[in-house]
Amino acid sequence: MVVDLPVILAILLVLLTILIFSLRRLLKSSKKCVLLTGLNDSGKTLIYSQLIYKRYIMTYTSSQDNFNQYNCDGKELTIVDLPGFHSIRQQFFEKYKDSSKGIVYVVDSVTLAKNIRDAANTLYNILIDPVIMKNKPGLLILCNKQDQTLAKGSNIIKSMLEKEMNTLRNTQLNQVKQLDSQEKITNKLGDISKDFSFSSLYCKVEFAEACACNKSGPVNLEDLKKWIKKVMN
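All values derive from a computational prediction rather than experimental measurement. (Residues numbered from 1 in each chain as written. Predicted model: local features only at pLDDT ≥ 70, side-chain atom pairs only at ≥ 80, totals over all residues. Heavy atoms only, no water.)

Student: Go over the overall build of the protein with me, naming the residues and quoting the values.
Tutor: Within the protein, the secondary structure is distributed over 8 helices and 6 strands. Burial analysis of the protein (233 residues in total) assigns 42% to the buried set. Put simply, 72% of the contacts in the protein that link residues at least 6 apart link residues at least 24 apart. Approximately 13,600 Å² of the protein is accessible, and the part contributed by carbon and sulfur atoms is 55%. (Helix = DSSP H or I, 4+ residues; strand = E, 2+ residues; numbered from the N terminus. Buried < 20%, exposed > 50% of the residue type's maximum accessible area, 1.4 Å probe, protein only. Contact = heavy atoms within 4.5 Å. Areas by Shrake-Rupley, 256 points an atom, 1.4 Å probe, with all protein chains shown as cover.)

Structure below.
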């Protein structure tokens, strides 16, 4: 029996391609969480309750995560509401970050100006996380509490965050002494010869407006729901 080497190589190549494709699909399917994260009092838990239970609930600062299944057009994923308290925020993020298909970073559109440094720093730490950089989940910055009179719009919030992130990035780079570490940070957060811009990052960052509101007020989570649907596909 004559062995046709080119044919065998072609078959092996096809099998290898199928294996790689199957592994990618398996890895993709294993990432079934959308994380709600951000500072305390940004409205994460109220957004969570409106998504999962479609109703208002009385919320308070929590030391635990909330999670449940969210259904859209017959597909399901887990919505995880992470605590925003600074001393425990990171440990819960570590727990879920590798299984996240998307991250919703919720900001309080009313109080952001006075909390801009903390908000930018928390977002910065998410963006330079090695797991997030590797997996590149979708990132939505959700400008919440838009029903309130003093709320800033998403374009203004984007500009505020970019300015603060630019300052933070430059400060961090100035503190780093080793060239290889500088390059790692630079690659993650864009060209340091230019001002920081969300459009120059390694992952797609989108902005949307929302209000989950109070017991008798309006609810507008349509842009968030559209984004989640897109992440699920």
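Having seen the structure, we can now continue with the description.
Student: Mind laying out the nonpolar core, listing which residues take part and the relevant values?
Tutor: By size, the foremost hydrophobic cluster in this structure holds 36 residues, and its most contacted members are Leu-35, Tyr-105, Leu-123, Leu-127, Ile-141 and Phe-198. A total of 8 residues in this core trace back to one element, the largest contributor, which is helix 4 (residues 112–127). Once you skip the residues sitting within four places of it in the chain, Tyr-105 turns out to touch Thr-37, Gly-38, Leu-39, Asp-118, Ala-119, Thr-122, Leu-123, Ile-126, Leu-139, Leu-140, Ile-141 and Leu-142. Listed in part, the 24 residues of the second largest apolar core include Leu-36, Leu-77, Leu-224 and Trp-227. (Core = buried A, V, L, I, M, F, W, Y, C linked by side-chain atoms within 4.5 Å.)

Student: Got a sec to walk through the side chain of Asp-129? Specific residues and values, please.
Tutor: Here Asp-129 lies in the loop between helix 4 and helix 5 (130–135). Among the polar contacts listed, one links the side chain of Asp-129 to the side chain of Lys-97, at a separation of 2.8 Å. Contacts of Asp-129, omitting those with residues within four sequence positions, involve Gln-90, Phe-93, Glu-94 and Lys-97. (Polar contact = N/O pair within 3.5 Å; in protein donor to acceptor, adjacent residues only side chain to side chain.)

Student: Can you lay out the packing of helix 4 against helix 6 (residues 154–175) for me, pointing to particular residues and giving the numbers?
Tutor: Interhelical geometry of helix 4 versus helix 6 gives an angle of 60° and a closest axis separation of 9 Å. Judged by the angle between their axes, helix 4 and helix 6 are oblique. For the pair helix 4 and helix 6, the crossing hand works out as right-handed. Contacts between helix 4 and helix 6 involve Leu-112, Ala-113, Ile-116, Arg-117, Ala-120, Asn-121, Leu-123, Tyr-124 and Leu-127 from the first element and Ile-157, Met-160, Leu-161, Glu-164, Met-165, Leu-168, Arg-169 and Gln-172 from the second. A per-class count over the contact of helix 4 with helix 6 returns 12 nonpolar, 2 polar and 3 charged. (Axes fitted to C-alpha atoms, helices over the stretch in contact; angles between N-to-C directions. Parallel < 35°, antiparallel > 145°, perpendicular 65-115°, else oblique. Left-handed = near helix turned anticlockwise from the far one by under 90°. Nonpolar A, V, L, I, M, F, W, Y, C, P; charged D, E, K, R; others polar.)

Student: Summarise the confidence of the model for the protein; cite the residues concerned and give the values.
Tutor: Confidence along the protein averages 83 in pLDDT terms, with 78% of residues attaining 70 or more. Low pLDDT (under 50) marks residues 21–30, which in the prediction has 3 contacts with non-local residues, meaning those over four places away or in another chain. (pLDDT = per-residue confidence, 0-100.)

Student: Describe the pairing of strand 5 (residues 138–144), listing the residues and the values that go with them.
Tutor: With 6 of 7 residues buried, strand 5 is to be regarded as a mostly interior element. Examined bridge by bridge, strand 5 and strand 6 (residues 205–209) share 5 bridges and lie parallel to one another. Of the residues in strand 6, the one forming a bridge with Leu-140 is Glu-206. (Pairing = 2+ DSSP bridges.)

Student: Outline the packing of aromatic side chains, supporting the account with residue identities and numerical values.
Tutor: If you walk through the whole model with that rule in mind, you get 3 aromatic pairs. Look at Phe-196 and Phe-198: their rings are 5.2 Å apart centre to centre, the planes differ by 80°, and that puts the pair in the edge-to-face class. The buried category is assigned to Phe-198, whose relative accessible area is 3%. Members of the aromatic cluster, joined through ring pairs, are Phe-196, Phe-198 and Phe-207. (Phe/Tyr/Trp six-rings, centres within 6.5 Å; stacked < 30°, edge-to-face > 60°.)

Student: Report on helix 4, specifying residues and quantitative values.
Tutor: For helix 4, built from 16 residues, the straight-helix expectation of 22 Å at 1.5 Å per residue is missed by more than 12%, its first-to-last C-alpha distance being only 19 Å. Of all the bends in helix 4, the greatest, near 40°, is centred on Asp-118. Residues Leu-112, Ile-116, Ala-119, Ala-120, Thr-122, Leu-123, Tyr-124, Ile-126 and Leu-127 constitute the buried set of helix 4. (Expected span 1.5 Å × (residues − 1). Bend = angle between axes of the 7 residues up to and from the residue.)

Student: Kindly report on the pattern of salt bridges, identifying the contributing residues and their values.
Tutor: Scanning the entire structure with this criterion turns up 7 salt bridges. Note that Asp-65 is salt-bridged to Lys-95, the shortest N-O span being 3.3 Å. Placement of Asp-65 in the loop between helix 2 (44–52) and strand 2 (66–72) and of Lys-95 in helix 3 (residues 89–96) is noted, with a sequence separation of 30 residues between them. For Lys-95, a relative accessible area of 53% translates into the label exposed. Notably, a salt bridge pairs Glu-206 with Lys-230, separated by 3.0 Å at the nearest N-O pair. Here Glu-206, found in strand 6, pairs with Lys-230, found in helix 8 (residues 222–232); they are 24 residues apart in sequence, far enough to count as distant. (Salt bridge = Lys/Arg side-chain N within 4 Å of Asp/Glu carboxyl O.)

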